[in-house]
Amino acid sequence: MARGGYIPARLLCDFLNVENLLSIQSQHWTEAAKVAEKALIKFKYNVDLSGMNALLVDDIVDTGESLILAKNFIIGEWKPNDVKIATLQWISPVAKLKPDFYLIEVKEWYWFQYPWTRLEDTYQFIKRLLSEEGLSKREWTLEEIIAKFKELYGVDVGLNYFKDAADLLVENSFLIRSDNKYLIKS
Ligand code: ADP
């Protein structure tokens, strides 16, 4: 599935010698639109998979709702002989679905950091830490942000990601840049 399954799916094509790769975007409404807490399929299109077996690939089964929706959509609209699901992680205590194939069963909920979501994750986690720590400290240098990030999350994503994430926070008007400091916009 787009976007989380894109890279694993492409790699599986290579390892399993599969030529046909389609993408389907099934996602939850994000926080901005909390009214409808439902998964939905974006950009519905129709293909004929009759006579074929489909492998639906995603990064992780968290609640599993978006995968359940995608699987039902594929069965109903694209009509393959069979659909199986493969993911990297399966968060078994919260998932409403068990993938047919998975790499890791996760028994305690955890946020996984994939190389293909590094910038958006860094952005979100910096935003979160500044929202919390920013109540008592409004001015931060990049070095201070990095040190706090490492202390709280135990991860070093590398200087370029920290810089790009901070720039994005400025671009999105969460931070204001002045000389060597970042000010949290009130
Ligand atoms: P599900 O329907 O399985 O709950 P969501 O719709 O909640 O999945 O999640 C959509 C996407 O959000 C996932 O494909 C993944 O990219 C990301 N995601 C969800 N939970 C996690 C997690 N625990 N760690 C990392 N990424 C996650």
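Residues numbered from 1 in each chain as written. Predicted model: local features only at pLDDT ≥ 70, side-chain atom pairs only at ≥ 80, totals over all residues. Heavy atoms only, no water.

Caption draft 1: How the structure looks around unusual backbone geometry. Note the cis peptide between Ala2 and Arg3, where omega equals -10 degrees. Take Arg3: it is sitting in the segment before helix H1 (6-16). Even without being glycine, Ser173 reaches a positive phi, approximately 65 degrees. Within the element layout of this structure, Ser173 appears in the loop between helix H5 (159-171) and strand E7 (175-178). Within the chain, Asp179 stands out as a residue other than glycine whose phi angle is a positive 55 degrees. Overall, Asp179 belongs to the exposed group, its relative accessible area being 71%. (Helix = DSSP H or I, 4+ residues; strand = E, 2+ residues; numbered from the N terminus. Buried < 20%, exposed > 50% of the residue type's maximum accessible area, 1.4 Å probe, protein only.)

Caption draft 2: Main features of the site of the ligand. The environment of the ligand is made up of 16 residues, and the closest members are Asp59, Asp62, Thr63, Ser66 and Tyr110. At 2.6 Å from a nitrogen atom of the ligand is found a side-chain nitrogen or oxygen belonging to Asp62. Within the side chain of Ser66, one N or O atom sits 2.6 Å away from an oxygen atom of the ligand. Coverage of the ligand by the protein amounts to 83% of the 550 Å² it exposes when considered alone. Secondary structure elements with two or more residues in the shell around the ligand: strand E3 (53-61) and helix H2 (65-78). Residue contributions to the shell around the ligand peak at four residues, all from E3. Taken together, the residues that form the shell around the ligand break down as eight nonpolar, four polar and four charged. (Near = heavy atom within 4 Å. Polar contact = N/O pair within 3.5 Å; in protein donor to acceptor, adjacent residues only side chain to side chain. Areas by Shrake-Rupley, 256 points an atom, 1.4 Å probe, with all protein chains shown as cover. Nonpolar A, V, L, I, M, F, W, Y, C, P; charged D, E, K, R; others polar.)

Caption draft 3: Spotlight on the pattern of salt bridges. In total, this model carries eight salt bridges according to the counting rule given. For Lys181, the salt bridge identified is with Glu139, shortest N-O distance 3.8 Å. Taken as a pair, Lys181 in strand E8 (residues 181-184) and Glu139 in strand E6 (residues 139-141) lie far apart in primary sequence, 42 residues in all. The class for Lys181 is partly exposed, based on a relative accessible area of 30%. Residue Glu139 is classed as partly exposed on the basis of its relative accessible area of 38%. For Lys150, the salt bridge is made with Asp156, and the minimal N-O distance between the two is 3.6 Å. Here Lys150 falls in the partly exposed class, since its relative accessible area comes to 37%. Linked through salt bridges whose partners overlap, the residues forming this network are Glu133, Lys148 and Glu151. (Salt bridge = Lys/Arg side-chain N within 4 Å of Asp/Glu carboxyl O.)

Caption draft 4: Examining the side chain of Gln25 more closely. Relative to the elements of secondary structure, Gln25 occurs in strand E1 (residues 25-28). If sequence neighbours within four positions are ignored, Gln25 has contacts with Ala2, Arg3, Leu40, Ile41, Lys42 and Phe43. (Contact = heavy atoms within 4.5 Å.)

Caption draft 5: Highlighting the layout of surface pockets. The calculated volume of the second largest pocket comes to roughly 570 Å³. If you trace the second largest pocket, you find 24 residues lining it, with Asn20, Leu21, Leu22, Ala54 and Leu55 closest to the centre. Elements supplying a minimum of two residues to the lining of the second largest pocket: H1, E3 and H2. Classifying every residue of the lining of the second largest pocket by side-chain character gives 19 nonpolar, four polar and one charged. (1 Å grid on protein atoms, 1.4 Å probe; cavity = no way out; pocket = protein on both sides within 12 Å on 5 of 7 lines; lining within 4 Å. Points joined across faces, edges and corners; volume = space filled by probe spheres on them.)

Caption draft 6: The arrangement of the sheet that holds strand E5 (residues 101-106) in detail. Spatially, the three strands line up as an open sheet ordered E3-E4-E5, and their pairing is parallel. Taken across any chain shown, the strands that pair with only one partner, and hence form the sheet edges, are E3 and E5. Going from strand to strand, the sheet's axes swing by 20 degrees on average, the running direction of each strand aside. Against the sheet, H2 contacts E3 and strand E4 (82-91), and its axis sits at roughly 170 degrees relative to E3. (Pairing = 2+ DSSP bridges. Axes fitted to C-alpha atoms, helices over the stretch in contact; angles between N-to-C directions.)

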